[in-house]
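Each chain, letter by letter, is given below.
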Amino acid sequence: MAGIEIKMIFLFVMERLLLPAIIGEGMVLQQGVPLPLRGRARPHTKVTLVFLDKSYTAESDAQGGWQIDLAPMSPGGPYTMEFSSAGETLRIGDIYSGDVWLCSGQSNMELPLERLRDDFPEEWRTPVNSLIRQFKVPQEWDSSEPRQELSGGAWTAASAETLKEFSGTAWFFAKKMYETRGIPMGLINAAWGGTPVEAWMSREALADFPEIIAWGEQYADAAYREGVVRKSRNAVALWTEKVEQEDSGIKEKWYLNEINDSRWETLSLPGDFSEAGMKDFCGVVWLRRSFDLPASLAGKEARIWLGTIVDADTVYVNGMALGGTAYRYPPRKYAVPSGLLQNGENQITIRVICNNGQGGITRGKPFRLFAEQGAVELAGRWKYKIGMNAPVRPQEFFLHYQPMGLYNAMIAPLLSFPVRGVIWYQGESNDSEPKNYGALFAAMIRDWRDKYRQEALPFLFVQLPLYGLPGENTEASSWALLREAQASALALPATGMAAALDLGEWNDLHPVNKKGVGYRLALAAERLLYNTANTAPGPIARSVEFRDGAITITFDNCGGGLISGSTPYITLMSKDGAFRLPAEILGPDRVSIDVSSVAEPEKVLYAWADNPADRSLYNAEGLPVIPFRIRIGATIP
């Protein structure tokens, strides 16, 4: 009986008139190109669409699939579509025609505006442009094969209530494009934090990388896949359970004000726990300090900002838990309710779980309690006590990091929905093998274009910003190699790059200046699509000449000329090692370096580090010189 019921339900669903999730209320259709609209209906049934006073018909095939092709549209709206078949009608409205962009990559593309609200509050104060819309693709993977349809999703018009859900990078890009072009903007947000480029590539794109295909295809075996996931999940759960059960701080309630911490040790915060003798520490450490509060703040609502904490935390004030964060990257911003803060002495306690021996509180971030009436700085000496020691936490396994899975589930179902182009922000998760990235990235671009059947599909991407402590140029820098691999994609037609080196933060993998990133992506789009005269992505080294004891480097894209706020330095590599040498700006597009003291110079490096200390060269338009390493006498194609 159950089997009969399931079959009947299946037949009922198959007979319904269905539209893909991306064809729905509030959608933006790509202007200027033919528009194939696809859906499902009862097999061998007529489907009718009424749109802009015209009627279109199609016949569904044996599986119920149908397609109606619309002629290219001009920008405009709002419009309404009415689909009907076998007595059923679907009506969708608030439709616009404009430019649609596929926005993909990892966390710096996914990062929502909510995370940026404190840095860009004006986005909520000014009128929000409802003609910028986002479709959030469900975050799913599929190890077996490319899917035909998304499992869900809906178009969202930007408003003061919905803006927090938009990708920050994509929002600022779309906002700038709207300012210059004045047409509706549709953003298809298909991004997922922590993901490597291989996860976004199809099997065909990986044809030259059979070992990656083999690695990804093993997860198509459900038994194998579930075994790997179960093993990882159980190992992490056992580690977490041990931490919670054996933490003396939880048992003895070290978060309470009356705890006697007179014999606790001290350390300076913000800072790394290794500096307090906790080198390679894993487990739980409790941090406490008392602070005096002025009467003006007593009883008031307040906020606590603690930068970022490695790895997980729970924060207490006067014995009350304010909140917690389960992993290292999000900024710790917690609300303090009214009535909790006392006039005079107060207590803050932080419970920190360290997973892999790199614990600490990030320097260089706001570390304070504050309200409208004033602030209390929390940096300085803190007391600490270890709640429990643990081994390194087992590595967590993520299926969505594996090859092909995200392409199959999040990109393949979009390929029949026309877009103006792609914006891409990804690369951090490939920094362990940067030498492979250039070939992988180019293969992915070509494949997406092939799948979209658009040989010159515009593809704009963000070059990685700086990260980590400032350092000298070294060819071993993985982030410099990754940037070089990314820039190599400019050799492909219809590509553009947003240089973000100077938009990064040494202490944050997720820098907040997504407005600058979005603006530079828009510069690349304007130059590529509309031949707008600008210098995107910034000055690019074209040639290096060695003559009479001096090296001259010539650049393209210099615009109003090269500038530097301080003496620029460039690293010269020779058989005797590396030499950091000052450079002189000779003209609008050239710099010169006196190398008379160096025997047999071989190559020059500029801004060639994860966070290069020497990166002072810009053009007059404010775009940074793109990092480079070039052999003496070379000319860049």
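This report concerns the structure included in the present document. (Residues numbered from 1 in each chain as written. Predicted model: local features only at pLDDT ≥ 70, side-chain atom pairs only at ≥ 80, totals over all residues. Heavy atoms only, no water.)

This part takes up the overall build of the chain. A tally of regular secondary structure across the chain gives 11 helices and 35 strands. A compact globule built from 637 residues should have a C-alpha radius of gyration of about 26 Å, and the chain, at 28 Å, falls within 12% of that. Dimensions along the principal axes, computed over C-alpha positions, put the chain at roughly 80 × 75 × 50 Å. Expressed as a percentage of the 637 residues in the chain, the buried residues total 52%. Sequence separation of 24 or more characterises 75% of the internal contacts of the chain that already satisfy a separation of 6 or more. Across the chain, the centroid of the 63 positively charged side chains sits 2 Å from that of the 75 negatively charged ones. (Helix = DSSP H or I, 4+ residues; strand = E, 2+ residues; numbered from the N terminus. Rg over C-alpha atoms; globule rule 2.2 N^0.38 Å. Buried < 20%, exposed > 50% of the residue type's maximum accessible area, 1.4 Å probe, protein only. Contact = heavy atoms within 4.5 Å. Lys, Arg positive; Asp, Glu negative; His and termini not counted. Charge placed at Lys NZ, Arg CZ, Asp CG, Glu CD.)

Across a sheet, paired strands are connected by hydrogen bonds in the backbone, their directions being either parallel or antiparallel. With antiparallel pairing, 4 strands are arranged side by side in an open sheet as β18-β14-β21-β22. Looking along the sheet, the strands with just one partner apiece sit at the ends: β18 (333-336) and β22 (374-377). Across this sheet, the average inter-strand angle for adjacent strands is 20 degrees, counted without regard to direction. Here strand β14 (residues 302-306) pairs with strand β21 (residues 367-371) via 4 bridges, running antiparallel. Bridge pairing in β21 links Trp 305 to Arg 368. (Pairing = 2+ DSSP bridges. Axes fitted to C-alpha atoms, helices over the stretch in contact; angles between N-to-C directions.)

Looking now at the side chain of His 400. Mapping His 400 onto the fold places it in the loop between β23 (380-389) and α8 (405-411). The residues contacting His 400, other than those within four sequence positions of it, are Trp 141, Trp 192, Gly 193, Thr 195, Ala 199 and Leu 406.

Two numbers describe how helix α4 (residues 168-181) lies on helix α11 (residues 514-530): the axes approach to 7 Å, and their chain directions differ by 45 degrees. One element, α4, and the other, α11, form an angle in the oblique class. Crossing angle aside, the handedness with which α4 passes α11 is right-handed. Of α11, the residues touching α4 (which contributes Gly 168, Thr 169, Phe 172, Phe 173, Lys 176, Met 177, Thr 180 and Arg 181) are Lys 514, Lys 515, Val 517, Gly 518, Tyr 519, Leu 521, Ala 522, Ala 525, Glu 526 and Tyr 530. Residue composition of the contact of α4 with α11, by class: 9 nonpolar, 4 polar and 5 charged. (Parallel < 35°, antiparallel > 145°, perpendicular 65-115°, else oblique. Left-handed = near helix turned anticlockwise from the far one by under 90°. Nonpolar A, V, L, I, M, F, W, Y, C, P; charged D, E, K, R; others polar.)

Let's shift gears to the packing of aromatic side chains. Counted by the stated rule, this structure contains 29 aromatic pairs. Centroid distance Trp 155 to Phe 417: 6.4 Å. Interplanar angle 40 degrees. Geometry classified as tilted. Of this pair, Trp 155 sits in strand β9 (residues 155-157) while Phe 417 sits in the loop between α8 and β24 (421-425); the two residues are 262 residues apart in sequence, bridging distant segments of the chain. Using a relative accessible area of 8% as the deciding quantity, one classes Trp 155 as buried. By the ring-pair criterion, three or more aromatic residues cluster together here, those being Trp 200, Trp 424, Tyr 437, Phe 441, Trp 448, Phe 459 and Phe 461. Lying over the aromatic face of Trp 264, Arg 288 brings its terminal NZ or CZ to 5.6 Å of the ring centre. (Phe/Tyr/Trp six-rings, centres within 6.5 Å; stacked < 30°, edge-to-face > 60°. Lys NZ or Arg CZ within 6 Å of the ring centre and 35° of its normal.)

In terms of burial, strand β26 (residues 495-499) is largely enclosed, as 5 of its 5 residues are buried. Where strand β25 (residues 459-463) and β26 come together, 5 bridges link them in parallel fashion. From the neighbouring strand, Leu 460 faces β26, where its bridge partner is Gly 496. The parallel pair β25 and β26, bridged by helix α10 (residues 478-487), forms a crossover whose chirality is right-handed. (Right-handed = clockwise from strand over helix to strand, strands pointing away.)

This part takes up the sheet that holds strand β28 (residues 550-556). Taken together, the 7 strands give an open sheet; going across it, the order is β27-β28-β32-β31-β30-β33-β35, and neighbouring strands pair in antiparallel fashion. Both edges of this open sheet fall to β27 (540-547) and β35 (628-631), since each of them pairs with a single strand only. Averaged over all neighbouring strand pairs, the angle between strand axes comes to 30 degrees, with direction disregarded. Here 5 bridges tie β28 to strand β32 (residues 590-594), and the two strands are oriented antiparallel to one another. Bridged to Ile 553 within β32 is Val 591.

Our focus in this paragraph is unusual backbone geometry. Each neighbour pair has its own omega, and for Leu 269 with Pro 270 the value is 0 degrees, a cis peptide bond. If you trace the backbone, Pro 270 turns up in the loop between β11 (265-269) and β12 (271-272). The backbone of Asp 53 sits at a positive phi, close to 65 degrees, despite the residue not being glycine. Inspection of the secondary structure assignment puts Asp 53 in the loop between β3 (46-51) and β4 (54-59). A residue is classified by how much of its surface remains accessible, and Asp 53, at 81% relative accessible area, is exposed. Look at Asp 548: it is not a glycine, yet its phi comes out positive at around 55 degrees. Along the chain, the position of Asp 548 falls in the loop between β27 and β28.

This part takes up the pattern of salt bridges. All told, the structure shown has 33 salt bridges when counted by the stated rule. Residue Arg 147 is joined to Asp 142 by a salt bridge in which the shortest nitrogen-to-oxygen separation is 2.9 Å. Residue Arg 147 is classed as partly exposed on the basis of its relative accessible area of 25%. Judged by its relative accessible area of 14%, Asp 142 is buried. (Salt bridge = Lys/Arg side-chain N within 4 Å of Asp/Glu carboxyl O.)

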